[in-house]
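In case you want the letters, here they are:
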Amino acid sequence: MLLIIAHLFHFELYHYTVISQVTTDIESQKEHYIQKKLAFMRKNTYCKDTILEEESIMKWTTEKRYKRYEDWSEAERDQLKSTMEKSPWRAKYHVEPSSGLLNDPNGFSYFDGKWILFYQNFPFGAAHGLKSWVQLESDNLVTFKETGVKVLPDTPLDSHGAYSGSAMQFGDQLFLFYTGNVRDENWVRHPYQLGALMDKDGHIEKLGKDLIPQPSDATGHFRDPQIFQYKDHYYAIVGGQNLDKKGFVRLYRAVNNDYMNWEEIGNLDFKNDNTAYMMECPNLVFVDDKPVLIYCPQGLDKDVFHYDNIYPNLYKIGETFDPENATITPVSELHQLDYGFDVYATQAFNAPDGRALCISWLGLPDVSYPSDVYEHQGILSLVKELSIKDGKLYQTPVKGIEKLRQSSLPFNKYIKNTSNCYELNLKLEGDTIHELVLFSDKDGNGLSLIFNLVDGEVVVDRSKVGEAFATEYSSVRTAPIAPADTTARIFIDNSVFEIFINDGEMVFSGRVFPRADQTHISILQGEPTGVYYPLLSFTKPN
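Here is a short report on the structure shown in this document. Residue indices begin from 1 for each chain and proceed along its sequence in written order. This being a predicted model, a pLDDT of at least 70 is required before a residue's local features are given, and a value of 80 or more before pairs of side-chain atoms are given or counted; all residues contribute to the totals for chains, interfaces and linings. Think of the side-chain values as coming from all heavy atoms in the structure, minus any hydrogens and water.

Observations concerning the sheet that holds strand β3 (residues 132-138)
(1) Moving on: Strand order across the open sheet formed by five strands is β4-β3-β2-β1-β20, with mixed pairing between neighbours. A strand with exactly one partner marks an edge of an open sheet, and here the two such strands are β4 (145-151) and β20 (376-377).
(2) Moving on: Strands are treated as partners if at least two bridges between them are detected by DSSP. A helix here means a DSSP run of H or I that spans at least four residues, while a strand means a run of E at least two residues long, and both kinds are numbered starting from the N terminus. Judged from the four bridges that link them, β3 and β4 form a sheet pairing that is antiparallel. What sits directly across from glutamate 137, in β4, is lysine 145.

Remarks on the pairing of strand β6 (residues 173-183)
(1) Moving on: Buried means the residue's accessible area, taken with a 1.4 Å probe over protein chains only, is under 20% of the maximum for its type, while exposed means over 50%, and partly exposed covers the values in between. With respect to burial, β6 is a largely interior element, 10 of its 11 residues being buried.
(2) Moving on: Examined bridge by bridge, strand β5 (residues 162-170) and β6 share seven bridges and lie antiparallel to one another. Opposite alanine 167, over in β6, you have leucine 176 as the bridge partner.
(3) Moving on: Adjacent in sequence and paired antiparallel, β5 and β6 are bridged by two residues, among which glycine 171 carries a positive phi angle near 60°.
(4) Moving on: Bridge analysis of β6 against strand β7 (residues 189-198) gives 10 bridges, and the strand direction is antiparallel. Residue pairing for β7: arginine 183 is matched across the bridge by arginine 189.
(5) Moving on: In textbook terms, the turn of a hairpin is the stretch between consecutive antiparallel strands, and for β6 and β7 this stretch comprises five residues, one of which, tryptophan 187, has a positive phi near 65°.

Focus: the sheet that holds strand β21 (residues 384-389)
(1) Moving on: Strand order in this open sheet of four strands is β18-β19-β21-β22, and the pairing throughout is antiparallel. Taken across any chain shown, the strands that pair with only one partner, and hence form the sheet edges, are β18 (344-350) and β22 (392-397). Across this sheet, the average inter-strand angle for adjacent strands is 35°, counted without regard to direction.
(2) Moving on: As defined by bridge partners, strand β19 (residues 356-361) adjoins β21 across three bridges and the pair is classed as antiparallel. To get an axis, fit a line to the C-alpha atoms, keeping to the stretch in contact for a helix; angles then go from 0 to 180 degrees between the N-to-C directions.

Things to note about the pairing of β22
Residues in a regular strand point their side chains to alternate faces of the sheet.
(1) Moving on: One ladder, built from six bridges, connects β21 with β22; its direction is antiparallel. In the strand pairing of β22, glutamate 385 is matched with threonine 396.
(2) Moving on: Between β21 and β22, which pair antiparallel in sequence order, lie two residues; one of them, aspartate 390, sits at a positive phi of approximately 55°.

Quick notes on the pattern of salt bridges
(1) Moving on: For salt bridges, the criterion is a side-chain nitrogen of Lys or Arg within 4 Å of an Asp or Glu carboxyl oxygen. Going through the model one piece at a time under the given rule, you end up with 20 salt bridges.
(2) Moving on: The shortest N-O distance in the salt bridge between arginine 405 and glutamate 423 comes to 2.8 Å. Here arginine 405, found in the loop between β22 and β23 (409-410), pairs with glutamate 423, found in strand β25 (residues 421-428); they are 18 residues apart in sequence, far enough to count as distant.
(3) Moving on: On the accessibility criterion, arginine 405 (25% relative accessible area) is partly exposed.
(4) Moving on: The exposure class of glutamate 423 is buried, given its relative accessible area of 0%.

Things to note about the environment of histidine 376
(1) Moving on: Mapping histidine 376 onto the fold places it in strand β20.
(2) Moving on: On a C-alpha basis, the gap between histidine 376 and phenylalanine 122 in space is 9.7 Å, while along the polypeptide they are 254 residues apart.

Considering the nonpolar core
(1) Moving on: For this analysis, a nonpolar core means a set of buried residues of the types Ala, Val, Leu, Ile, Met, Phe, Trp, Tyr and Cys, connected via side-chain atoms within 4.5 Å. Ranked by internal contacts, the top residues of the largest apolar core, which has 44 residues, are Phe108, Leu141, Leu357 and Val383.
(2) Moving on: Contributing elements (two or more residues each) for this core: β1 (100-111), β2 (114-122), β3, β18 and β19.
(3) Moving on: Contacts were defined at the residue level, with two residues in contact if any of their heavy atoms lie within 4.5 Å. Non-local contacts of leucine 141, meaning those with residues more than four positions away in its chain, are made with Phe108, Trp115, Arg355, Leu357, Val383 and Val398.
(4) Moving on: Formed by 31 residues, the second largest nonpolar core is a distinct cluster that contains Phe411, Leu447, Ile499 and Met506.

Re the state of the cysteines
(1) Moving on: A pair of sulfur atoms, both from cysteines and within 2.5 Å, is called a disulfide here. What the rule picks out here adds up to zero disulfides.
(2) Moving on: The thiol sulfur of cysteine 281 is not disulfide-bonded, and the nearest other cysteine sulfur, from cysteine 296, lies at 5.0 Å.
(3) Moving on: With a relative accessible area of 6%, cysteine 281 lands in the buried category.

So, the packing of aromatic side chains
(1) Moving on: Aromatic rings from Phe, Tyr and Trp, taking only the six-membered ring of Trp, are treated as a pair when their centres fall within 6.5 Å; an angle between ring planes under 30 degrees marks them as stacked, one over 60 as edge-to-face, and anything in between as tilted. Evaluation of the coordinates by the stated rule reveals 37 aromatic pairs.
(2) Moving on: Note on tryptophan 115 and phenylalanine 349: the rings are 6.3 Å apart at their centroids and 70° apart in plane angle, and the pair reads as edge-to-face. Taken together, the residues span a long stretch of sequence, with tryptophan 115 in strand β2 and phenylalanine 349 in strand β18 at a distance of 234 residues. The same class applies to tryptophan 115 as to phenylalanine 349, namely buried.
(3) Moving on: With a centroid separation of 4.9 Å and 20° between ring planes, the pair formed by tyrosine 230 and phenylalanine 286 is classed as stacked. You can see tyrosine 230 sitting in strand β9 (residues 218-230) and its partner phenylalanine 286 sitting in strand β13 (residues 278-287), a full 56 residues away along the chain.

A closer look at the side chain of threonine 519
(1) Moving on: Within the fold, threonine 519 resides in the loop between β32 (506-511) and β33 (520-525).
(2) Moving on: The class of threonine 519 is buried, set by a relative accessible area of 16%.
(3) Moving on: The contacts of threonine 519, once residues within four sequence positions are left out, are Lys416, Asn417, Thr418, Asn420, Phe439 and Ser440.

In short, the description is geometric, and any link to function would need to be established separately.
Here's what the structure looks like:
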């Protein structure tokens, strides 16, 4: 109780004091980032005809990142809106933030006859600051709309952000389970695993209780509760870091299925190699009755599993889940969830209709993106249905996506002047090398896709499409593939690509930021055949 009173005092004090304990190294990184923004603006084609003064590039101090929502003026909000509207890279059918930054998908669930989804949001620019949840709903898992409902950082237990979590229906209410982020006057992190109830009218009532207190053997990095049901009982897993700076996933049980009362079972045994320093966004989902753990092991030793992104999003498949002993057995080796550039914080759940569904943040922590100059960042993937085949997790877009098709055209050697908003369904003959370029200019520079069905390799290269970024993590991704007849289903959405190979056996997803003249499709090798579908837009046009 004293701790909560103390945080209440700090929450009130925060309105009048500036938290500014930022290291010299971080400030140096910020300055380097700002200079990269300015250099981009000076040379980029899109910026030549827009009014983006260098002075308007916001320097994201800690004070500005954690400025209370009510303290942002109408003029500041209007300026943000005006800047975003100049962006050439807003998507047409993927979920993007209505303002500012989007990161983790949260609270993916089914409630009151609708699919419910939230995204984590800092609404005042392309920065990680004071986060809230923004609610979306859908009746088909393809087109989503914002409802105006939000989980705001407005109590002493979430004063510095409503962080990631999950949702589950109880009776006629939706239980939201999330991490409240609190920083004290010394900028020490205090995590709280919080609950809230949302009724059918969208009214949210916070429960005001730390449901799963920070364990004594954990640092302040203890977050992202996922609630799930298994054999008529409710459980939750939470990602964390122990005092030896090693990541773990901890399992809890709801006592008498009461979401207000949780007891610890223990660390989930999934053959954790103990090389990651933090386990973020753990999700346990059951696919074809098998437990699948999807998670983000930050700092994972690359000798254990190779990855190119700054942080990986991986999975393991088990045969059985034993909640009494907190074990998944036997458990598979680590697998890459997505072979592309920008997938993180994937959230999965078992839907009432029996499907296992997931959705990902197409973005990464600690990476800047070219869209930052327009003060927006982050986007969500398509919703994907999960299945298991031959020990692999398959991901396929939900069937309703076909409703976005406007027409169909045979795919041929060269398609010019697309809207960069389309679907390609391709067949690629085995024992052949196929190379096509999406977002291509007239000279064939763009997003290169090589299907080497002679040596058995897929190569995706984004080095020649638009504005380069995150090049320190390489602009090329590869994956092995059987040298046989292959299919590819490709979704392009202005600055997004999602490539589903062999009915979702492997997926490459990522962001690109093309120039205005990069709107063509070129074939440089092979003779892929298939169908080209222009797609409808359900988001606000640029």
